[in-house]
Amino acid sequence: MNFNFNSIEPIYLQVSEQIEDAIFTGTFAEGERVPSTTEISKQYHINPATVLKGMNLLVAADLLEKRRGLGMFVKSGAQERVTQRRQDMFYKNYIVSLVQEAQKLGLTEEQLWQLIQRGWNKDERTKD
């Protein structure tokens, strides 16, 4: 984990995002225990309440579960839920505006697909 203490983004959100990213990439597998609030707070010199606030966001998002006396564990299906949420955000943040801009430019669906295929091909991207 790598925290930016100079960022305008609160540390508890950074904690949440970095654990979520570790779930997404499989660094923390489903059923696996994640580092405790105490472990993270000591290692990165963060207030334990701040770490707990970030972890509680993941509990609320149904990605982590608390097991009394044992710690926090990645819930079954968490990686798929993160993937689905990120795909939804990708659609909302990029695809909708991409299609709107293509329509403003008068591009047909076929022309848009050609541009996407061109962007997908690494060799073509380096020519521009």
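Residues numbered from 1 in each chain as written. Predicted model: local features only at pLDDT ≥ 70, side-chain atom pairs only at ≥ 80, totals over all residues. Heavy atoms only, no water.

This part covers the packing of aromatic side chains. Overall, the coordinates contain 2 aromatic pairs when judged by the stated rule. The interplanar angle of 35° and the centroid separation of 5.3 Å between the aromatic rings of F90 and Y94 together place this pair among those described as tilted. Of this pair, F90 and Y94 both sit in helix α4 (residues 78–104), 4 residues apart, which is roughly one turn of the helix. Judged by its relative accessible area of 47%, F90 is partly exposed. We classify Y94 as exposed; its relative accessible area is 52%. Looking at R67, its charged tip hangs above the ring of F73, at a distance of 4.0 Å from the centre. (Phe/Tyr/Trp six-rings, centres within 6.5 Å; stacked < 30°, edge-to-face > 60°. Helix = DSSP H or I, 4+ residues; strand = E, 2+ residues; numbered from the N terminus. Buried < 20%, exposed > 50% of the residue type's maximum accessible area, 1.4 Å probe, protein only. Lys NZ or Arg CZ within 6 Å of the ring centre and 35° of its normal.)

Here the focus is the pairing of strand β2 (residues 71–74). Alignment of strand β1 (residues 64–67) against β2, held across 4 bridges, turns out to be antiparallel. The partner of R67 across the bridge, within β2, is G71. Linking β1 back to β2 in an antiparallel pair, the connection comprises 3 residues, with G69 at a positive phi of about 80°. (Pairing = 2+ DSSP bridges.)

Look at helix α1 (residues 11–25) against α4: their axes get within 8 Å of each other, and the N-to-C directions meet at 105°. The pairing of α1 with α4 is recorded here as roughly perpendicular in orientation. In this structure, α1 contributes E20, D21, I23, F24 and T25 to the contact, and α4 contributes A78, Q79, V82, T83, R85 and R86. Of the residues that constitute the contact of α1 with α4, the class distribution is 4 nonpolar, 3 polar and 4 charged. (Axes fitted to C-alpha atoms, helices over the stretch in contact; angles between N-to-C directions. Parallel < 35°, antiparallel > 145°, perpendicular 65-115°, else oblique. Contact = heavy atoms within 4.5 Å. Nonpolar A, V, L, I, M, F, W, Y, C, P; charged D, E, K, R; others polar.)

So, on to the UniProt feature "domain: HTH gntR-type" (unreviewed entry) in the protein. Under the feature "domain: HTH gntR-type" (unreviewed entry), the UniProt entry names residues 9–77. Here residues 9–77 is 52% helix and 12% strand, with 28 Å between the C-alpha atoms at its ends. (UniProt positions renumbered as here; feature names shortened; annotations may be inferred.)

Attention now goes to the nonpolar core. One recurring pattern in soluble globular proteins is that nonpolar side chains are buried together. Core analysis: the biggest nonpolar cluster contains 19 residues, and I19, I23, F28, V34, M55, L64 and V74 have the highest contact counts within it. Looking at this core, the elements with two or more residues in it are α1, α3 (48–60), β2 and α4. Considering every element that reaches this core, the biggest residue donor is α1, with 5 residues. If near-sequence neighbours (up to four positions away) are discounted, L64 is found in contact with I19, I23, V34, M55, L58, V59, M72, F73, V74 and K75. (Core = buried A, V, L, I, M, F, W, Y, C linked by side-chain atoms within 4.5 Å.)

Next up on the list: the pattern of salt bridges. As enumerated under the stated definition, the model contains 7 salt bridges in all. One salt bridge in this structure joins E39 and R33, with 3.4 Å as the shortest N-O distance. The class for E39 is partly exposed, based on a relative accessible area of 40%. A salt bridge links D62 to R81; the nearest nitrogen and oxygen atoms lie 3.7 Å apart. Residue D62 is located in the loop between α3 and β1, and its partner R81 is located in helix α4; the two are separated by 19 residues in the primary sequence. Its relative accessible area of 31% is what places D62 among the partly exposed residues. Connected through salt bridges with shared partners, the residues E20, D21, R85 and R86 form a single ionic network. (Salt bridge = Lys/Arg side-chain N within 4 Å of Asp/Glu carboxyl O.)

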